[in-house]
Amino acid sequence: MKSLLKIAFVLGIVVSFSSCKDNLKPNYQYMPNMYESVAYETYSQSDAFNSPTGLKGKEGQLPPNGSIKRGFVPYEIPNTTEGYNFSKTITKSPLDSTAVDMKKSEELFVIYCAICHGTAGDGQGKLVKQQKFLGVPNYKDRQISVGSIFHVQTYGLNSMGSYANQLTQQERWMIAGYVLELKSKL
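Here we summarise the structure given alongside this text.

The rules behind each value
Residues numbered from 1 in each chain as written. Predicted model: local features only at pLDDT ≥ 70, side-chain atom pairs only at ≥ 80, totals over all residues. Heavy atoms only, no water. Helix = DSSP H or I, 4+ residues; strand = E, 2+ residues; numbered from the N terminus. Buried < 20%, exposed > 50% of the residue type's maximum accessible area, 1.4 Å probe, protein only. Polar contact = N/O pair within 3.5 Å; in protein donor to acceptor, adjacent residues only side chain to side chain. Contact = heavy atoms within 4.5 Å. Phe/Tyr/Trp six-rings, centres within 6.5 Å; stacked < 30°, edge-to-face > 60°. Axes fitted to C-alpha atoms, helices over the stretch in contact; angles between N-to-C directions. Parallel < 35°, antiparallel > 145°, perpendicular 65-115°, else oblique. Left-handed = near helix turned anticlockwise from the far one by under 90°. Nonpolar A, V, L, I, M, F, W, Y, C, P; charged D, E, K, R; others polar. 1 Å grid on protein atoms, 1.4 Å probe; cavity = no way out; pocket = protein on both sides within 12 Å on 5 of 7 lines; lining within 4 Å. Points joined across faces, edges and corners; volume = space filled by probe spheres on them.

**Regarding the side chain of His 151**
So, step 1. Mapping His 151 onto the fold places it in helix H7 (residues 146–155).
So, step 2. Taking the relative accessible area as the measure of exposure, His 151 reaches 2% and is therefore buried.
So, step 3. Of note is the side chain of His 151, whose polar atom sits 3.1 Å from the side chain of Tyr 75.
So, step 4. When residues no more than four places from it in sequence are discounted, the contact partners of His 151 are Tyr 75, Ile 77, Pro 78, Asn 79, Thr 80, Gly 83, Tyr 84, Ser 87 and Gly 156.

Listed below in structure tokens is the structure:
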């Protein structure tokens, strides 16, 4: 009797497993695209992202027109001679004087500016002494304001390139204040 019960149990399991599978009618898949995705070759061209604009799928990567990144304040003065001359009329930094940390400003100046302008602002930095760059101005001889210093850091001037990618706007204003402090000591 026990062997008959064991045989019936095994036969029942075999029948239940075999009855669930039907090769002619596959089972329902909840999200078939996840089970059977379209295969793409690595680095190959695809028509998946073609659009009528002709951007070839880059429209998802471009920011909307008129948008600015979070925390960014646009600098409205253009990169022209007139813009530079106008920036000389800006004599007050938009930063609160209590928010400016002169120790941090000095550190930023030493990191980014002193290699050419010197730690005292005399235009005798390491690269000038090694004659890699010539004509780096002494701050004492220049007609500069906090606005013109910020403008030059933002856009660059002559051999000096822009530092807008390396320094935030707040850091550039801090350095501009520190440069004026150095100028007063010269």
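**Description of the packing of aromatic side chains**
So, step 1. Taken as a whole and judged by the stated rule, the model has five aromatic pairs.
So, step 2. With centroids separated by 5.9 Å and ring planes inclined at 45 degrees, the aromatic side chains of Tyr 75 and Tyr 155 adopt a geometry described as tilted. With a gap of 80 residues between them, Tyr 75 in the loop between helix H2 (32–35) and helix H3 (81–87) and Tyr 155 in helix H7 connect regions that are remote in the sequence.
So, step 3. Accessibility expressed as a relative area gives 18% for Tyr 75, which makes it buried.
So, step 4. By relative accessible area, Tyr 155 is classed as partly exposed at 28%.
So, step 5. Ring-pair connections join several aromatic residues into one group, and the members of that group are Tyr 75, Phe 150, Tyr 155 and Trp 173.

**Here we look at the packing of H7 against helix H8 (residues 169–185)**
So, step 1. Running from amino to carboxyl end, H7 crosses H8 at an angle of 130 degrees, the nearest separation of the two axes being 9 Å. Classed by the angle they form, the pair H7 and H8 counts as oblique. As H7 runs across H8, the sense of the crossing is right-handed. Along its contact with H7, which presents Val 146, Gly 147, Ile 149, Phe 150, Gln 153 and Thr 154, the element H8 presents Gln 169, Arg 172, Trp 173, Ile 175, Ala 176, Gly 177, Val 179 and Leu 180.
So, step 2. Taken together, the residues that form the contact of H7 with H8 break down as eight nonpolar, five polar and one charged.

**Concerning unusual backbone geometry**
So, step 1. At Gln 131, a residue that is not glycine, the phi angle is positive and equals roughly 60 degrees.
So, step 2. Examined against the element boundaries, Gln 131 turns out to sit in the loop between helix H6 (126–129) and H7.
So, step 3. A positive phi angle, close to 55 degrees, is found at Asn 158, a residue other than glycine.
So, step 4. When you line up the elements, Asn 158 lands in the loop between H7 and H8.

**Considerations on the layout of surface pockets**
So, step 1. Estimated volume of the largest pocket: approximately 610 Å³.
So, step 2. As for the largest pocket, its lining consists of 24 residues, of which His 117, Pro 137, Val 152, Leu 157 and Met 160 are closest to the centre.
So, step 3. Those elements giving two or more residues to the lining of the largest pocket turn out to be helix H5 (114–117) and H7.
So, step 4. The biggest single contributor to the lining of the largest pocket is H7, with four residues.

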